[in-house]
Every structure is written in structure tokens, then in C-alpha cells.
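Coordinates in review
Here is how the chains run, residue by residue.
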Number of protein chains: 2
Amino acid sequence: MTHTISVLVENKAGVLARVAGLFSARAFNIDSLAVGETEDPTVSRMTIVVRGDDRTLEQIIKQLNRLVDVIRVRDISKEPFFDRQLMLIRVGLDGKSREKLLKLAQDLGAQVVDAHQDNAIFELAGDQKKMDGMLEAMKPFGIREVVRTGRIALSQKTEVTLKDLKE
Amino acid sequence: MTHTISVLVENKAGVLARVAGLFSARAFNIDSLAVGETEDPTVSRMTIVVRGDDRTLEQIIKQLNRLVDVIRVRDISKEPFFDRQLMLIRVGLDGKSREKLLKLAQDLGAQVVDAHQDNAIFELAGDQKKMDGMLEAMKPFGIREVVRTGRIALSQKTEVTLKDLKE
């Protein structure tokens, strides 16, 4: 089963390696990972999407909670949640395909980041399904490069605030 | 100096921990990290933003290149590049602030993901400056939760394709 784990950590050197190490020690592959700042510059939030059996994951979560620099661990996928990701995609274009491609990007809700004579970069935000649709639609034009952020997620229920947690 | 490193890796368990370990072994703090699929499901791309001295980073890049599952390492920030990130932000609202907040989100180019009686989730894609502006503008309304993807980046110059690299 796929799980989406949200981990609040102190923003310090080595924390990421320790967290990643716990997953790799049990041969859990991380499908997607996003690490970014929060509203507090000393705290980062990691969003980790993993597949694997629930019992092993429970053990990993227990070990995560024991790490000094981990503030809070939450399996967001246990409740209804929103998940989003961002993709930059460079696609080849020529005089013929140009108009068609720009129209397609508009229909998909993608932004044009850059456009040259022979290639263009588009930006698309959305859920996994939207990303897959975009990749499928762009394939015939020739995909040159793809870079994706990994998923971030927020529970549909209100969370205790970071301020509350730190007090 | 801040560097943005793009690393193509085989999508296997343990790769992330090994890459993160190289940075933490030299006490390099990772400011932002994004790991996502590419157009090839067996290959992931990591975008790593780090601050630190150029010489140590050069050594880390050499060591990265020596890891078995690393396909290619590139310091994107050596050339002009585009960088983007995605943020989900939950903000408190009430009868009074509702209209003002929704108008502000629209002006900032944010999407409404969810809106309840007392809180709303917005989605914003853009560069670091745009994120900072959003956080600043939302602060008076009461920020409940923030989750960010970390940055992804593409060089303004065309890159060799993954297909070329693997052949």
C-alpha cells in the first residue's frame, strides 16, 4: 500500500540522511520526497511517499519518532488528504507543432515558462493523474527533459499548528 | 554560495540515503530537496539546493559521480536556469476576512484547493520570491500549516536527453 508520511524536522545538517537511512535499512524505496521550509525557518517539513507493508512502516515511524531532530511524524494517508506536485517539462517544437502544442498546454492548465525556436518549457501543478495526463499528451511532440518535485500533502482536517507543537 | 544540483539516479532503495549521506558527511546542510520520477520510470531526478564553499561541493560532486546508481550530476546554477516550487498553505478565515483573503489569493495567482467555515487551503507555484511574498501577505490572517516541495530547476540551455544518456 502507498503511504504519504509528513515529517516535521529541525532544519539541521544530517537529518535528511538519518531519515532516509531508516527507510533504506529496511529496503523501503521512497517513491517521492519533498523537503521544504515551513513558516518557521528552523523547521523543515518532509513529505515522503512510500510503498510497503504496513507493519514495517509502523516500525519505521516509531524509529523516526525517536530521532532527536524529528518534531512530529504523521501518516497523512490515514485520513482524506490533498496532494499536489509540480512538474517542469521541456518539449521539442517546430514551426508546424508550435501552435498545436501551445494550445494543448493551455487546455491542460500548464504555464509557459520559456519558449525558443525548437523547444519550450511548461510548468504544471496538480495531482498524480494530472501529471500522467500531461506526460501522455506531450509524448508525441518529443519530451526532452522532465523534472518533478515529488508530492506534498495536507490533511483535509485542520492540524495543530507548528507554534502549538513547539510550545 | 547557493548551488542547485540536478542528479539523475536509478530509482532504487537506498540511493537517496547514500546521496544524502555524502552531503551530511561534510556537514553540508541541504536547503531544499525534490525527488521525482522522470519520463523513464526506472530513473529519478533529485534537485538539491545547498549552500557551502565551492571546493567542498566540487569534492561532493566527484563522489556523487562515483556512486553506482548515479547516472549524471550537474550543477545547474553554473548557467542561467529556471527554478520553481509549489506550496500548500492553510490559512484561518472568518466571516470578515473571507472575501479579503480570497481576493488576495487571486491577486497572487494562488488556487483555492479547499475552503471551510474557518480555514482554507491555497496552492501557489512560482519562484522563491513569489513564495516569500505569499507567506508575508498571508501572515496577518493566521497561517495554520505550510508545506513546500523544495525547488526544481531546468537549465535555460537544452540538455542531452535521458534517452541519449542511456544509449
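**Some words on the sheet that holds strand 4 (residues 70-75) of chain B**
Read across the sheet, eight strands follow the order 4(A)-1(A)-3(A)-2(A)-2(B)-3(B)-1(B)-4(B) without closing on themselves; strand pairing throughout is antiparallel. Each edge of the open sheet is held by one strand with a lone partner, namely strand 4 (70-75) of chain A together with strand 4 of chain B. With strand direction ignored, the average angle separating the axes of adjacent strands in the sheet is 15°. Bridge count between strand 1 (residues 2-10) of chain A and strand 3 (residues 43-51) of chain A: nine bridges; the pairing is antiparallel. Within the sheet, the bridge partner assigned to Leu 8 of chain A lies in strand 3 of chain A and is Arg 45 of chain A. Sheet strands touched by helix 1 (residues 15-25) of chain B: strand 2 (30-37) of chain A together with strand 1 (2-10), strand 2 (30-37) and strand 3 (43-51) of chain B. Its angle to strand 3 of chain B, the strand with the most contacts, is close to 20°.

**Side note on the domain arrangement of chain A**
All names here are of chain A. For chain A, the assigned domains are domain 1 (2-78) and domain 2 (82-152). Each of domain 1 and domain 2 has a C-alpha centre, and the two are 30 Å apart. With five residues of domain 1 at the interface, the matching set in domain 2 holds four residues. In total, about 390 Å² of surface goes out of reach between domain 1 and domain 2, with carbon and sulfur atoms giving 55% of it. Taken together, the connections running from domain 1 to domain 2 amount to zero salt bridges.

**Side note on the side chain of Thr 149 of chain B**
Mapped onto the elements of the fold, Thr 149 of chain B is located in the loop between strand 8 (143-148) and strand 9 (152-155). Relative accessible area serves as the criterion here: at 0%, Thr 149 of chain B is assigned to the buried category. Within the local environment of Thr 149 of chain B, its side chain forms a polar contact with the backbone nitrogen of Leu 86 of chain B, the two atoms lying 2.9 Å apart. For Thr 149 of chain B, the contacting residues outside a window of four places in its chain are Ala 34, Val 35, Thr 149, Gly 150 and Ile 152 of chain A together with Leu 33, Ala 34, Gln 85 and Leu 86 of chain B.

Rules behind the numbers
- Residues numbered from 1 in each chain as written.
- Chains lettered and ligands numbered in written order.
- Predicted model: local features only at pLDDT ≥ 70, side-chain atom pairs only at ≥ 80, totals over all residues.
- Heavy atoms only, no water.
- Pairing = 2+ DSSP bridges.
- Helix = DSSP H or I, 4+ residues; strand = E, 2+ residues; numbered from the N terminus.
- Axes fitted to C-alpha atoms, helices over the stretch in contact; angles between N-to-C directions.
- Contact = heavy atoms within 4.5 Å.
- Domains from an automatic or database assignment.
- Buried area = accessible area lost by both parts, 1.4 Å probe.
- Salt bridge = Lys/Arg side-chain N within 4 Å of Asp/Glu carboxyl O.
- Buried < 20%, exposed > 50% of the residue type's maximum accessible area, 1.4 Å probe, protein only.
- Polar contact = N/O pair within 3.5 Å; in protein donor to acceptor, adjacent residues only side chain to side chain.

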